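# Results of the structural survey
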Amino acid sequence: MSRLRRGPLPPRILITAGPTREPLDPVRYLSNHSSGEMGLALAAAFQRGGARVTVVLGPVARDVPRGLEVIPVMTALEMSTAVRRRLRSADVFIATAAVADWRPAKSHLMKMKKGSARGMTIRLVANPDILADAGRARGRRALPILVGFALETHDLSAQTAKKLSHKNLDLIIGNGPESFARPSIKPLWLERGGVARALPRLSKKALSSMIARWTFQRLQAMSASAR
């Protein structure tokens, strides 16, 4: 990831959105319920603010705002590769994608037949942690902004705070699995340095506007301090 560029160039925002699909065979896959709505709402908010936005987008059935650079991907490995190729030229990386934690160790070339079997064992292997990799890449350099999301079914505050620290983020938004199926979200807002706010339920569009404002303010402050 590059240092913040000075001058009139608009900031470059890199966003991941949607689910990933990890194939078992040509017709079956492991995935989740992510719709990509949060990531696309963020992309639209940054675009309205004048930023140049690239979205690495998993398979979703949603309209994409015009003017975005969209990199379509299917699997976690494809998403990881797309992010690594673009991270150095980004000023901000926001990871909203629900990346599958595991993938089948073997993807069959032909449809698996049920036959007489009453059960099946599938061996899984870990996928890359895209956001943690980005956090490690920062090292000790003063780099621009990393933002993540944490979806948890329990211990939301503790788990979200742990990810903020472990992944070396500037901001993380904690939320529950009910956000998958709704246009609204009840977020837990945690910033590096200890700022924590449990926000009321609000639309994903409204939360996107808040994150965009916060990010633009941070970028402006970083630019001013670099002069």
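What counts, and where the lines are drawn
Residues numbered from 1 in each chain as written. Predicted model: local features only at pLDDT ≥ 70, side-chain atom pairs only at ≥ 80, totals over all residues. Heavy atoms only, no water. Helix = DSSP H or I, 4+ residues; strand = E, 2+ residues; numbered from the N terminus. Buried < 20%, exposed > 50% of the residue type's maximum accessible area, 1.4 Å probe, protein only. Contact = heavy atoms within 4.5 Å. pLDDT = per-residue confidence, 0-100. Salt bridge = Lys/Arg side-chain N within 4 Å of Asp/Glu carboxyl O. Phe/Tyr/Trp six-rings, centres within 6.5 Å; stacked < 30°, edge-to-face > 60°. Lys NZ or Arg CZ within 6 Å of the ring centre and 35° of its normal. Core = buried A, V, L, I, M, F, W, Y, C linked by side-chain atoms within 4.5 Å.

## Examining the environment of Ala126
Structurally, Ala126 is set in strand β8 (residues 124-126). Overall, Ala126 belongs to the exposed group, its relative accessible area being 56%. Placed 59 residues apart in sequence, Ala126 and Gly67 show a C-alpha to C-alpha distance of 34 Å. When near neighbours in sequence (up to four residues on either side) are disregarded, Ala126 contacts Asp101, Trp102 and Arg103.

## Observations regarding the confidence of the model for the protein chain
Averaged over every residue, the pLDDT of the protein chain is 90; residues scoring 70 or more account for 93%. In this model, residues 1-6 is a region of pLDDT below 50 whose contacts with residues beyond four sequence positions or in other chains number 30 contacts.

## Here we look at the pattern of salt bridges
Scanning all chains against the criterion turns up eight salt bridges. The salt bridge involving Arg28 is made with Asp25; its shortest N-O contact spans 2.5 Å. Under the relative-accessibility criterion, Asp25 is labelled buried at 4%. Note that Glu152 and Lys163 form a salt bridge whose closest N and O atoms lie 2.7 Å from each other. In this pair, Glu152 is assigned in the loop between β9 (145-151) and α4 (156-166) and Lys163 in helix α4, connecting sequence segments 11 residues apart. When its relative accessible area of 13% is taken as the criterion, Glu152 is described as buried.

## Observations concerning the packing of aromatic side chains
One pass over the structure, following the stated rule, counts two aromatic pairs. Ring geometry for Trp189 against Trp214: centres 6.2 Å apart, planes inclined by 85°, an arrangement best described as edge-to-face. Of this pair, Trp189 sits in strand β12 (residues 188-191) while Trp214 sits in helix α5 (residues 204-226), and the two are 25 residues apart along the sequence. Residue class for Trp189 comes out buried when judged on its relative accessible area of 1%. Given a relative accessible area of 10%, Trp214 falls into the buried group. Its guanidinium or amino end placed over the ring of Trp189, Arg197 lies 4.9 Å from that ring's centre, counting from NZ or CZ.

## Digging into the nonpolar core
In terms of nonpolar packing, the biggest core is built from 32 residues, with Phe46, Ile94 and Leu207 touching the most fellow members. Among the elements of the structure, β1 (12-17), α1 (37-48), β4 (52-57), β6 (92-95), β9, β10 (171-175) and α5 are those that each provide at least two residues to this core. For this core, the element with the most residues is α5, which contributes seven residues. If sequence neighbours within four positions are ignored, Ile94 has contacts with Ile13, Leu14, Ile15, Thr16, Leu42, Phe46, Val147, Phe149 and Ile211. Counting 22 residues, the second-largest nonpolar core is a separate cluster that includes Leu14, Ala90, Ala150 and Leu164.

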